[in-house]
Amino acid sequence: MSEIINKVAQSALVTINLEELLHPGERVVYDIKDNLFHGLILREKDFRAFIKENDWSVYDGKNVAIICSADAIVPTWAYMLLATKLQNHANYYVFGDLEALEQALMQEAIAKIDPEEYREGKVVIKGCGNIPVPTYAYVEIMRKLQPVVSSLMYGEPCSTVPLYKKPKV
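Quantities reported herein were computed from a predicted structural model and do not represent experimental measurements.

Enquirer: Tell me about a nonpolar patch on the surface, and please be specific about residues and values.
Expert: Judged by side-chain polarity, Phe37, Leu40 and Ile41 come together as a nonpolar surface patch covering roughly 270 Å² of accessible area. With respect to the helices and strands, Phe37 occurs in the loop between β2 (27–31) and α2 (44–53).

Enquirer: Just give me the short version of the side chain of Ser151, but keep the residues and values in it.
Expert: Positionally, Ser151 belongs in strand β6 (residues 151–156). Leave out the neighbours within four places in its chain, and Ser151 touches Gly121, Lys122, Val123, Tyr164 and Lys165.

Enquirer: How would you explain the environment of Leu22 if you had to name every residue and give the values?
Expert: Following the sequence through the fold, Leu22 ends up in the loop between β1 (13–16) and β2. Aside from chain neighbours lying at most four places away, what touches Leu22 is Arg27, Glu102, Leu105 and Met106.

Enquirer: Talk me through the pattern of salt bridges; I want residue IDs and the actual numbers.
Expert: Between side chains of opposite charge, a pair can form as their charged atoms come close. The final tally for this structure, using the stated rule, is nine salt bridges. Between Glu102 and Arg27 there is a salt bridge, and its shortest N-O distance comes to 2.5 Å. Pair noted here: Glu102 is in helix α4 (residues 98–111) and Arg27 is in strand β2, with a separation of 75 residues, a long-range link. Glu102 gets classed as partly exposed once you look at its relative accessible area, which sits at 25%. In this structure Arg27 comes out as partly exposed when scored by relative accessible area, which is 23%.

Enquirer: Please give an account of helix α5 (residues 135–145) that cites residues and values.
Expert: Taken residue by residue, α5 has Ala137, Tyr138, Ile141, Met142, Lys144 and Leu145 as its buried positions. All buried residues of α5 project into a common sector of 165° when viewed along the axis, lining one side. Exposed residues on α5 whose side chains face more than 90 degrees from its buried face are Thr135, Val139 and Arg143. Those residues of α5 that are buried lie in contact with β1, α4, β5 (122–126), β6 and β7 (159–165).

Enquirer: Could you give an account of α4, with specific residues and numbers?
Expert: The end-to-end C-alpha separation of α4 is 20 Å, in line with the 20 Å expected for 14 residues at 1.5 Å each. Looking at α4, one finds that the buried residues are Leu101, Ala104, Leu105, Met106, Ala109 and Ile110. Looking at the buried residues of α4, the elements they touch are β2, β3 (63–67), β4 (92–95) and α5. Measuring from the backbone nitrogen of Glu99 back to the side-chain oxygen at the start of α4 gives 3.2 Å, which picks out Asp97 as the cap.

Enquirer: Any chance you could break down the nonpolar core for me, citing the residues and the numbers?
Expert: In this structure, Leu18, Val123, Ile125, Leu145, Val149 and Leu152 are the most contacted members of the largest nonpolar core, which totals 24 residues. Going through the elements one at a time, α4, β5 and α5 are the ones with two or more residues in this core. Setting aside anything within four residues of it in sequence, one finds Val123 in contact with Val14, Ile16, Tyr118, Leu145, Val149, Ser151, Leu152 and Met153. By size, the runner-up hydrophobic cluster in this structure holds 18 residues, among which are Ile32, Leu42, Phe47 and Leu86.

About the criteria used
- Residues numbered from 1 in each chain as written.
- Predicted model: local features only at pLDDT ≥ 70, side-chain atom pairs only at ≥ 80, totals over all residues.
- Heavy atoms only, no water.
- Patch = residues over 30% accessible without salt bridge, like charges linked within 9 Å, V, L, I, M, F, W, Y side chains within 5 Å.
- Areas by Shrake-Rupley, 256 points an atom, 1.4 Å probe, with all protein chains shown as cover.
- Salt bridge = Lys/Arg side-chain N within 4 Å of Asp/Glu carboxyl O.
- Helix = DSSP H or I, 4+ residues; strand = E, 2+ residues; numbered from the N terminus.
- Contact = heavy atoms within 4.5 Å.
- Buried < 20%, exposed > 50% of the residue type's maximum accessible area, 1.4 Å probe, protein only.
- Arc of directions from axis to C-beta.
- Expected span 1.5 Å × (residues − 1).
- Polar contact = N/O pair within 3.5 Å; in protein donor to acceptor, adjacent residues only side chain to side chain.
- Core = buried A, V, L, I, M, F, W, Y, C linked by side-chain atoms within 4.5 Å.

Below is the structure:
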């Protein structure tokens, strides 16, 4: 009887799981419509009092999407003032919906990757997982790693789709 050899375990493949890069903090929406007078206008005096008195610790470690779901004109400074309080509590915040927040979190995570760690490596970008990873994240990781790796693949180490192989010079 011949011995079964795990060639995947012996290979030089490096797997990157994009879902593991995401910050695990809760995602929440802050809707500034709740600060509007009669759902129409933002009164500076009232808003500044709210900003000063509100318990911002409820956002500790959370990832916040800032929106205004009402059809109202909200001055830019109001969002900026809100950001001054979230800065000291939230892990991350953006102006936009939850999808914009996820994209910003993923872009931040990919930006932290040092491509030199993968120089001349054979890299597999993990496909399936527990958390859906948006397509833009896969495109971004390709853009970041393709200039330095010897090959890039998608899927699982035991079953990959070849995407890029560095030409031999």
